[in-house]
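A look at the structure
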Amino acid sequence: MTTSVKVTFEGTTGDMLSGLLDLPDGPVRGWGVFSHGFTLGKDSPAAARICKGLAAAGVGMLRFDNLGLGGSGGEWSQGSFTHKVADTVRAAEFMRSEGKTITLLVGHSFGGAAVLAAARDIPDLRAVATVGAPFSPKHVEHVFDSAMDKILSEGSAEVDLGGKRVEIRRHFVEDLQNADLSDCIRTLHKPLMVLHSPTDNTVGIDNASTIFQTARHPRSFVSLEGSDHLLTGKGQAARVAKIISAWADQYLGD
């Protein structure tokens, strides 16, 4: 059993971000921050199930809605990958101010790219895990590729993302195109676990291979055989939580 507590903290834009802190009911082995996928939010199946699974195993997890999503303030269209990274660092700072030092980062999909970039700015961090992450943040452009010309020529365009209408602005695209994770991964200097499904049709397995090859030891790779990108299948996210928990055990203790 776990307990989820609502929290809020100020993001880097000055807007208040809404989070949930999944608390272990027993002894705490460590504290972590979870970064969700592109527009998925803290309540997406992957975010909720992985964090609750880790909390059940003794790792307290903060998951939060990025700018303009879910219960968070601000406009999503004002944000960028850089904002997502900076707010991941801000989430760790909030936890530290609450007496809960962050030792684990977990990121799913686009959030996996964000934790790779944020890791260097989080003191005391001991381990990083990515799930279905792209090697390059600009990989996400494929979901609004048909609107790219309009975005670049007119400054913005509304696109449909999984039934949700969102505005994509030129600054968001330019920020993606300037983002390069190669150096972040190469100089991570933290244990890294890369989890990815070989049948992921959203973010291909080649992304995981490139992340793994770019990283230095200690590094681990886990093939999530039979899982889909969003981890919506029965038991998929829970299995990810168990794998991360077992792997991180040697890094979370004193």
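Anyway, here's the lowdown on the structure attached to this text. None of the values given here were measured: they were computed from a predicted structure.

1. Description of the overall build of the protein
Helix and strand content of the protein: eight helices and 10 strands. Projected onto its principal axes, the C-alpha positions of the protein cover 55 × 35 × 35 Å. Sorting the 254 residues of the protein into buried and exposed places 55% on the buried side. Roughly 10,700 Å² of accessible area belongs to the protein as shown, and the carbon and sulfur atoms make up 48% of that amount. Averaged over its 25 positive side-chain charges, the protein has a centre that lies 6 Å from the centre of its 29 negative ones.

2. Things to note about the packing of helix H2 (residues 81-97) against helix H3 (residues 110-118)
It is at 9 Å that the axes of H2 and H3 come closest, and there the two elements cross at 65 degrees. Once H2 is placed against H3, the crossing between them reads as right-handed. Residue-level inspection shows Phe-81, Lys-84, Val-85, Thr-88 and Val-89 of H2 in contact with H3, the latter providing Phe-110, Gly-111, Ala-113, Ala-114, Val-115, Ala-117 and Ala-118. Partitioned by chemical class, the residues of the contact of H2 with H3 number nine nonpolar, two polar and one charged.

3. What to know about the packing of aromatic side chains
The tally for this structure, following the rule as stated, stands at 10 aromatic pairs. Centre to centre, the rings of Phe-38 and Trp-76 are 5.4 Å apart; their planes meet at 75 degrees, and the pair counts as edge-to-face. On the criterion of sequence distance, the pair formed by Phe-38 in the loop between strand E3 (30-35) and helix H1 (45-56) and Trp-76 in the loop between strand E4 (59-64) and H2 is long-range, its members being 38 residues apart. Residue classification places Phe-38 among the buried positions, given a relative accessible area of 12%. Given a relative accessible area of 13%, Trp-76 falls into the buried group. Centroid distance Trp-247 to Tyr-251: 5.4 Å. Interplanar angle 65 degrees. Geometry classified as edge-to-face. Taken as a pair, Trp-247 and Tyr-251 lie in helix H8 (residues 236-252) at a separation of four residues, close to a single helical turn. Residue classification places Tyr-251 among the buried positions, given a relative accessible area of 19%. Linked through ring pairs, Phe-38, Trp-76, Phe-81, Phe-110, Phe-144 and Phe-172 together constitute an aromatic cluster. Cation over ring: Lys-100 sits above Trp-31, and NZ or CZ is 5.3 Å from the ring centre.

4. Examining the pattern of salt bridges
For the structure shown, the criterion picks out 10 salt bridges. For Asp-22, the salt bridge is made with Arg-63, and the minimal N-O distance between the two is 2.6 Å. Of this pair, Asp-22 sits in strand E2 (residues 16-24) while Arg-63 is found in strand E4, placing the two residues 41 residues apart along the sequence. A residue is classified by how much of its surface remains accessible, and Asp-22, at 0% relative accessible area, is buried. For Arg-63, a relative accessible area of 3% translates into the label buried. Glu-158 is the salt-bridge partner of Arg-165, the closest N and O atoms lying 3.6 Å from each other.

5. A word on H2
Taking 1.5 Å of rise per residue, the 17 residues of H2 would be expected to cover 24 Å, and the 24 Å separating its terminal C-alpha atoms lies within 8% of that figure. Of all the positions in H2, only Phe-81, Lys-84, Val-85, Asp-87, Thr-88, Val-89, Ala-91, Ala-92, Phe-94 and Met-95 are classed as buried. Capping the start of H2 is the job of one residue whose side-chain oxygen sits 3.4 Å from the backbone nitrogen of Thr-82: Ser-80. One or two residues past the end of H2 sits Gly-99, with phi positive at roughly 80 degrees.

Reading the values: rules and limits
- Residues numbered from 1 in each chain as written.
- Predicted model: local features only at pLDDT ≥ 70, side-chain atom pairs only at ≥ 80, totals over all residues.
- Heavy atoms only, no water.
- Helix = DSSP H or I, 4+ residues; strand = E, 2+ residues; numbered from the N terminus.
- Buried < 20%, exposed > 50% of the residue type's maximum accessible area, 1.4 Å probe, protein only.
- Areas by Shrake-Rupley, 256 points an atom, 1.4 Å probe, with all protein chains shown as cover.
- Lys, Arg positive; Asp, Glu negative; His and termini not counted.
- Charge placed at Lys NZ, Arg CZ, Asp CG, Glu CD.
- Axes fitted to C-alpha atoms, helices over the stretch in contact; angles between N-to-C directions.
- Left-handed = near helix turned anticlockwise from the far one by under 90°.
- Contact = heavy atoms within 4.5 Å.
- Nonpolar A, V, L, I, M, F, W, Y, C, P; charged D, E, K, R; others polar.
- Phe/Tyr/Trp six-rings, centres within 6.5 Å; stacked < 30°, edge-to-face > 60°.
- Lys NZ or Arg CZ within 6 Å of the ring centre and 35° of its normal.
- Salt bridge = Lys/Arg side-chain N within 4 Å of Asp/Glu carboxyl O.
- Expected span 1.5 Å × (residues − 1).
- Polar contact = N/O pair within 3.5 Å; in protein donor to acceptor, adjacent residues only side chain to side chain.

Coordinates in, geometry out; function isn't part of it.
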